[in-house]
Structures are given as structure tokens and as C-alpha cells.
Amino acid sequence: MGNKKILIVDDDPDVRHGMHIRLKANHYDTFFAADAVSSVTEARKQEPDLIILDLGLPAGDGFVVMERLKKVPSLALIPIIVVSARDARANRARAIKAGAMAFLQKPVDNAELLAVIRRALGEPAQPTEPVVHDLGPI
Amino acid sequence: MSEKALQVLLVEDNAGDARLVREMFRSEKPGSVKLTHLSLMSEAVTHLEQGGVDIVLLDMGLPDGHGLDTVRRAHAAAPTVPVIVLTGLDDEALAASAMKEGAQDYLIKGQIENRALPRALRHAIERMRMQTETDAIRTDQIQFKDEFLSHVSHELRSPLTAIYQFATILQDRLAGELNPEQLKYLEIVLRNVKQLQSMINDLLEVTRVQAGKLVIDLQCTSASDAIDYTVNTLQGAAEAKGITLVSDIQNRLPQVCADPIRIRQILIILVDNAIKFTPASGSVKVHARISSEDPHFVVLETSDTGRGISPDMTERIFERLFRVSDSDLAGRQGLGLGLYICKELVERQGGKIWAKSFPGQGAVFCVTLPIFSLAKLIAPALRNEGSGEVPITLVIIEIGSRTGWLSNELRAEQCHGVRDLLQRCLHSNLDVLLPKMAFAGSAELFFIVAATDEIGGKAMTQRILEQLGGCEHIQQRDVIISTSYRSLEKVERGESESIEDYLRKAANRVQGLVDDEISSRMVEHGQ
């Protein structure tokens, strides 16, 4: 079985790059989009197993992206993890309601990000992985 | 320059005094002043509410209003219109207090010079205008500052993310091997990333405190778990400085009624501070016990062997932006927001925080939190029944998931919605929705204590199920909601039994049922 495909949507090229290295090291294939429009195009083209989505994007925001993805039958069920610099308290509930599986606050701890990705993909947790205690924003 | 006529409202019930005032405007340019004379406070209020008045000359002894009350009413009717009170010679003290209530000035009847009155009016109007303007600017500035802080905090997180990502990429050797020195420097980078991250969070938290948006989720929770969490989290930082960090928790410390995330936040701030201000080979201790002063509270105490705080500073340290001024304290101390946030968090949970210290002997910070009391919570349900002998029914609402796993986010979101909805289903005085009682494995449990029998309990579960079923927002995806109920025989109150003893007895029975439900779920889910 080939590697799982993850689409990284973030307007910051450094963050995309860093995320790519981290995910590649964990045997995921990565694809990228930097704005709301191309993220939907890229999702159609690659049909990824998971989308990591920033909220602040050019040409619409993460919420717009989620709304558009939900309208495409082949993309509607792809799990989405929102990773954003925006305030968790104000955006977590909204993101979950819009269909995201999780909201993670930037900067995200690597172990936490990987644990949430594995859960979203239905993969078994790693033995060394910390239990994510996060019950909400601090 | 032609000026608009000055609209003066004179509120005066004494015709002679009113005429005197009118006389004083006679020498003014015709059309420059328009004087409206009313003799009742109620008329004045109506007139002010209609707008258009530039200034009020107010007698403080009217048939339907007296003293400072007249000033308050005028001010309430037209907050931006300046008021000058007219007073007798013997009432100067009263006039002075009128100024505290918002009057711009006072004039003593019989001592007003003809030419002085119009000038006093114009000055009062000008002062009022400037004051209103300053207030508006201040409000704008506060709002701007909040928005700015919030914006800056978010903007800072993105570059911080990239720094964290690449530092950890190097640290994890994803870009090749590193020598020990390079690794040591990376640790320094990451330590500073963490510090910056917590400063950003503090900034946002303070904006929330000031905007009154701090969310606190009170529940039955363990303070000792929060202490263990804190000690584990900060053990590394303490060791790195050669400081021993230990906890000493009283045996069978009762649960508290607080927000577990907030207790951790408070302890992290206090212990982190203690480590920061304690020199190498010192020690930091977290101590928890029932308060000896008030047995309804638990006291959490952090003590260190640092330099201490001078006694006159023990209150000031909780002020916003307070920072120790000693220059010999090594390096950076942070933003001076931690203790301020702590104080807000503790007080919002019904507790108190204070510091004790003697210079050179370390500092002690004490936090009190209310002990969770089921008896106190269910009292409203039981007290309403005159006889004191009531059947009690526990209604249990369980939220689970078809997939067996409810994500933390989904769980938090669902719980919030369910709690709101349940609260609306209750008879406000007869039923009590308990706060979260414990983690029950993968399910989430809600308990309602109702002073009703089995039939009432059945009706209630039915009602709740219908409400929940009709709520689209809650019934989504994999979520399953089920309700059940369990009734207790009447909890009888003995003849000589005090209400406290009776409530305690009832609470014990309810707690028994709750524990039962929780443990049966734990077995079911294999935990």
C-alpha cells in the first residue's frame, strides 16, 4: 500500500515547507495550496486522504474552503484538520461545526499534530506518542 | 461670527430666584441666549430627553426632587449636557458633592454677578465638551488597543510556527546529524520559542479578561490531578536549574468545584514564577490541604526558597504589568501579566489569592478554591418541598459515538450544546443539572437531580429525548444520545435531624447513584 496523501493548505511558504519535511519523514506524501481557490482545485486533482487547513487565506478563508469541499461529493468526506494562528476560543467551535475534525493552535506541537493526523486517518497510535489531553483552549 | 442661541434650561420652583436669573441674561446680546424655565424635576427630565439643551441651571430643592437626586436624574436624562447647580449660602457642602455626581459647577444664589453667569455657562459647556471628547477618545483607544493586541498576537504566531518547525526538524536530525553543542543551542532556541508562545497567550488572555470574555467551565474536579500535571510539566525546567520541585497533597483531598484547565493554568503560572525566582539548588513545593480557616475551601500553596517579596509589595504584584524592579534579577521576567491573570482566574472561580513573604526567606502564594459540595448543589431541589421527605430521581443523559470514539473537539462542542439545551428543559427551582462529575470513559454523562418520583422521571427523560432529537445541531454524524433515569426511595428527614444533616444524607445517596452509573460505563467501555 502506498503512502497516504495529505494536502497542506497554508499561505505561508515556510510553514508549508516545514510541514512537508515533518510529514515526509513520517511517510506521508504531501501536496500544497496557498489560497482558497487553488486548495479546492488541488483537492479535486489529488483526492487526498486528509487536508491540513489554515484559516487565514487569500481569496476566501478556511471556512469558505470547507464549505466548497462539502459541496463536492468526492471531496465531502475527506477529513480536515484546521491548523491556525487565529484564536482557538473564537474559532474552534466554528471550525468543528463547519466540518473540521480538530482545531489545532499554531504553533502545533509535532507529536500532537502527528497523533491527530493518525487518528483522523484511522491509523494506530504510536507507542511513544503522548496522549493528547487538550480539552479546549487555554 | 454669528453664534447659535445658547439653549439654557432653568429648573427653579422659586419665582423670585427664577426672575433674578432671567435678569442676569438681560445684558446679553439679543438672540444669543434662549432661556426655558421649568419648575418641576419631572418636566425637566422630559424636556432634557427631547434634546437640544446646551446647559442646565438646576435648583436642588424642587417640589418633586431634592438634593443630589436631582443631579443624578438630570445626568441620566441627558448624560452629555452640563449641569450647574444653584444653591443657597448654607449648602455649599451639598453643592460640592453634586460636583462629584457629575455637576460641572455650582453657583451660590445671591452671590452671582450679572456678568459672571453667562461666562460661567459658556465655560461649563466648553469643559463638558472637552470631557466628553476625552472619554470618547479613551474608549476608542481601549478598543483599538484590544484589537491591536489580538491582531499582533495572531501575526506573531505564524513566524513562530516556522521557527519551531525548523528548529525541531534540525533537532530530530531530519536534516542530518548534529554535534552535542549544536543540539544544546537548539534547545535554547526551543526554550525561547516556548517562552514567546506563552507571552503571546498571556497577551490574548489579558485582552479577554478586560473584555469580560474569560470562559470558565466549573465542574467537580480534582485539584491534586492539576498539581500532578503541573509538577510533571515543569519538572524538566526545575531540574535544568538544579531546583527540586515536589508536591505535598493532603490525604483524601476533596474534589473542588472549579475549571480543571484553569487550575492547571494558575498552578503553571505560580510554579513557573517560583522556579524563575529561586536560585540553583533551591526548592519549590506545592502544598494542598483543606483550609484551616474555612473548611469549605481547599488551599493550594506554592512556596519557594527564592529571594522573597518585600512585604509592602505582596498586594501590588497582582497588578497588571507589575514587574520586579530589582536590576540584579537575571534576564527577562516576562510581561508582568501572569499574576494578574491568576488573580482574575481564581476570583472568577469563587476563590482568593494572596502572597506571603519575608525578604530572603522565599515567597508563598496561596490560592483557595471552593470544595465541591453535592449537598449544596441539590439543596434547591429538596428545600422546595415543604415536607422535607421527597422522592429523588436521577436522570442520566449519555452522549456516545457510533465509532466508539468522540474526538475531544466534538466532545467539547457537543457538551456545550447539550448542557445549554438541558438547562432549558429544567424546572428552574425543582431540578438541578449537576456540573460535570467525572470522566466516564469514551462517553459523556450529564446528571439531573429532580425532586420527583419514577413517573416524573420517566416523563422527564421522554421530554429531554424529544428536545435533543429535534435539535439538528446536536444530532449529527456519529453521535448517539441516550437517556435513562433511576429513582431513590423517599429520603426521609429524621425528627431531630438538621437540614444540613438531611441534605448531606440525600447528597450521599445521590452520589452513590452517580458513582454507580459512572463505574458501570467504565466497565462497559473496558476502562
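Data block above holds the structure.
To keep things clear, this report deals only with the structure shown in the data block. (Residues numbered from 1 in each chain as written. Chains lettered and ligands numbered in written order. Predicted model: local features only at pLDDT ≥ 70, side-chain atom pairs only at ≥ 80, totals over all residues. Heavy atoms only, no water.)

Scanning chain B for helices and strands turns up 13 helices and 18 strands. A total of 527 residues make up chain B; the buried ones form 45% of that total. Restricting to contacts in chain B with at least 6 residues of sequence separation, those with at least 24 account for 73%. (Helix = DSSP H or I, 4+ residues; strand = E, 2+ residues; numbered from the N terminus. Buried < 20%, exposed > 50% of the residue type's maximum accessible area, 1.4 Å probe, protein only. Contact = heavy atoms within 4.5 Å.)

Turning our attention to the overall build of chain A. Secondary structure assignment for chain A yields five helices and five strands. Listing each helix as α and each strand as β along chain A from the N terminus yields β-α-β-α-β-α-β-α-β-α. Intrachain contacts of chain A at a sequence separation of at least 6 include 59% that bridge at least 24 residues. Just so you have it, chain A exposes about 6,000 Å², and 55% of that area is on carbon and sulfur atoms. (Areas by Shrake-Rupley, 256 points an atom, 1.4 Å probe, with all protein chains shown as cover.)

For the bond from Lys106 of chain A to Pro107 of chain A, the omega torsion is -10°, close enough to zero to count as cis. A positive phi is found at Arg173 of chain B, a non-glycine position, where the angle reads about 55°. Tracing the sequence through the fold places Arg173 of chain B in the loop between helix 5 (116-171) and helix 6 (180-210). Classification of Arg173 of chain B by relative accessible area gives partly exposed; the value is 37%. The backbone of Ser281 of chain B sits at a positive phi, close to 65°, despite the residue not being glycine.

Scanning all chains against the criterion turns up three cavities of 30 Å³ or more. One number sums up the size of the largest cavity: a volume of about 90 Å³. Lining the largest cavity, in full, are Gly18, Met19, Arg22, Val83, Val108, Asn110 and Leu113 of chain A together with Thr161, Tyr164 and Gln165 of chain B. Of all the elements in the fold, those that place two or more residues in the lining of the largest cavity are helix 1 (13-25) and helix 5 (110-120) of chain A together with helix 5 of chain B. Tallied by class, residues from the lining of the largest cavity come to five nonpolar, four polar and one charged. (1 Å grid on protein atoms, 1.4 Å probe; cavity = no way out; pocket = protein on both sides within 12 Å on 5 of 7 lines; lining within 4 Å. Points joined across faces, edges and corners; volume = space filled by probe spheres on them. Nonpolar A, V, L, I, M, F, W, Y, C, P; charged D, E, K, R; others polar.)

What follows is about the pattern of salt bridges. Residues and elements named next belong to chain B. Under the criterion given, the structure shown has 21 salt bridges over all chains. Between Lys109 and Asp59 there is a salt bridge; the shortest N-O distance is 3.1 Å. Separated by 50 residues along the polypeptide, Lys109 in the loop between strand 7 (105-108) and helix 5 and Asp59 in strand 3 (residues 55-59) bring together distant segments of the chain. Overlapping salt bridges, with partners in common, bring together Glu12, Asp17, Asp59 and Lys109 in one network. (Salt bridge = Lys/Arg side-chain N within 4 Å of Asp/Glu carboxyl O.)

The tally for this structure, following the rule as stated, stands at two aromatic pairs over all chains. Look at Phe144 of chain B and Phe148 of chain B: their rings are 6.0 Å apart centre to centre, the planes differ by 20°, and that puts the pair in the stacked class. One end of the pair, Phe144 of chain B, and the other, Phe148 of chain B, are both in helix 5, four residues apart, so they sit about a helical turn from each other. On the accessibility criterion, Phe144 of chain B (57% relative accessible area) is exposed. One cation-aromatic arrangement involves Arg94 of chain A over Phe63 of chain A; the distance from NZ or CZ to the ring centre is 3.6 Å. One cation-aromatic arrangement involves Arg264 of chain B over Tyr229 of chain B; the distance from NZ or CZ to the ring centre is 4.3 Å. (Phe/Tyr/Trp six-rings, centres within 6.5 Å; stacked < 30°, edge-to-face > 60°. Lys NZ or Arg CZ within 6 Å of the ring centre and 35° of its normal.)

Turning our eyes to something else, we now look at the nonpolar core. All names here are of chain B. Formed by 48 residues in total, the largest nonpolar core has its most connected members in Leu300 and Phe365. Apart from residues no more than four positions distant in its own chain, Phe365 is found in contact with Leu270, Leu300, Glu301, Thr302, Ile309, Ile317, Phe318, Leu339, Trp354 and Ala355. Among the nonpolar cores identified, the runner-up in size contains 29 residues, and Cys220, Leu374, Ala375 and Val514 belong to it. (Core = buried A, V, L, I, M, F, W, Y, C linked by side-chain atoms within 4.5 Å.)

It is worth spelling out the pairing of strand 14 (residues 363-370) of chain B at this point. All names here are of chain B. A large share of strand 14 lies buried, amounting to eight of its eight residues. As paired elements, strand 13 (residues 353-357) and strand 14 share five bridges and run antiparallel to each other. The residue bridging Trp354 from the neighbouring strand is Cys366, located in strand 14. Between strand 13 and strand 14, which pair antiparallel one after the other, the connecting turn spans five residues, and Gly360 there sits at a positive phi close to 85°. (Pairing = 2+ DSSP bridges.)

Moving on to helix 4 (residues 88-97) of chain A. Residues and elements named next belong to chain A. Those residues of helix 4 lying buried are Ala88, Asn91, Arg92, Ala95 and Ile96. Summarising the axial view, the buried residues of helix 4 lie within an arc of 130°, below the 170-degree limit, and thus occupy one face. Within helix 4, the exposed residues directed more than 90 degrees away from the buried face are Ala90 and Lys97. (Arc of directions from axis to C-beta.)

What follows concerns the sheet that holds strand 13 of chain B. Within a sheet, neighbouring strands are paired by backbone hydrogen bonds and run either parallel or antiparallel to one another. Residues and elements named next belong to chain B. Pairing is mixed in the open sheet, where five strands are placed in the order 9-11-12-14-13. The outermost strands of the open sheet, each flanked by one partner alone, are strand 9 (244-249) and strand 13. Strand-to-strand twist of the sheet, defined as the mean angle between neighbouring strand axes without regard to direction, takes the value 15°. Two elements, strand 9 and strand 11 (residues 283-290), share six bridges in a ladder whose sense is parallel. Residue Ile249 lies in a different strand from strand 11, and its bridge partner there is Ala288. Each of strand 9, strand 11 and strand 12 (297-304) touches helix 7 (residues 223-240); the most contacted strand, strand 9, lies at about 170° to it. (Axes fitted to C-alpha atoms, helices over the stretch in contact; angles between N-to-C directions.)

All names here are of chain B. By secondary structure assignment, the location of Gln219 is in strand 8 (residues 219-221). A polar atom in the side chain of Gln219 sits 3.3 Å from the side chain of Asp217. Not counting the four nearest positions on each side in its chain, Gln219 is found in contact with Val256, Cys257, Ala258, Pro260, Pro435 and Lys436. (Polar contact = N/O pair within 3.5 Å; in protein donor to acceptor, adjacent residues only side chain to side chain.)

Residue and element names in this part refer to chain A. Across the six residues that make up strand 1 (residues 4-9), a large majority, five, are buried. Of the pairings in the sheet, the one linking strand 1 to strand 2 (residues 28-33) comprises six bridges and is parallel in character. Paired with Ile8 across the two strands is Phe32, which belongs to strand 2. You can see the chain leave strand 1, run along helix 1 and come back into strand 2, and the turn it takes is right-handed. With four bridges connecting them, strand 1 and strand 3 (residues 50-53) associate as parallel partners. Each bridged residue has a counterpart across the sheet, and for Leu7 the counterpart in strand 3 is Ile51. (Right-handed = clockwise from strand over helix to strand, strands pointing away.)

The next point concerns the environment of Leu245 of chain B. As for its placement among the helices and strands, Leu245 of chain B is situated in strand 9. With near-sequence residues (within four places) excluded, Leu245 of chain B lies in contact with Val231, Leu234, Gln235, Ala238, Val271, Ile275 and Val284 of chain B.

With that settled, the discussion passes to the sheet that holds strand 1 (residues 6-11) of chain B. All names here are of chain B. Ordered in space as 2-1-3-6-7, the five strands form an open sheet in which the pairing is parallel. Both outer strands of the open sheet, strand 2 (33-38) and strand 7, are each paired with one neighbouring strand and no more. Between one strand axis and the next, the sheet turns through 20° on average, direction left out of account. Strands strand 1, strand 2 and strand 3 of the sheet are contacted by helix 1 (residues 15-24), whose axis makes an angle of about 175° with strand 2. With respect to the sheet, helix 3 (residues 68-77) is in contact with strand 3 and strand 6 (83-87), its orientation differing from that of strand 3 by roughly 160°.

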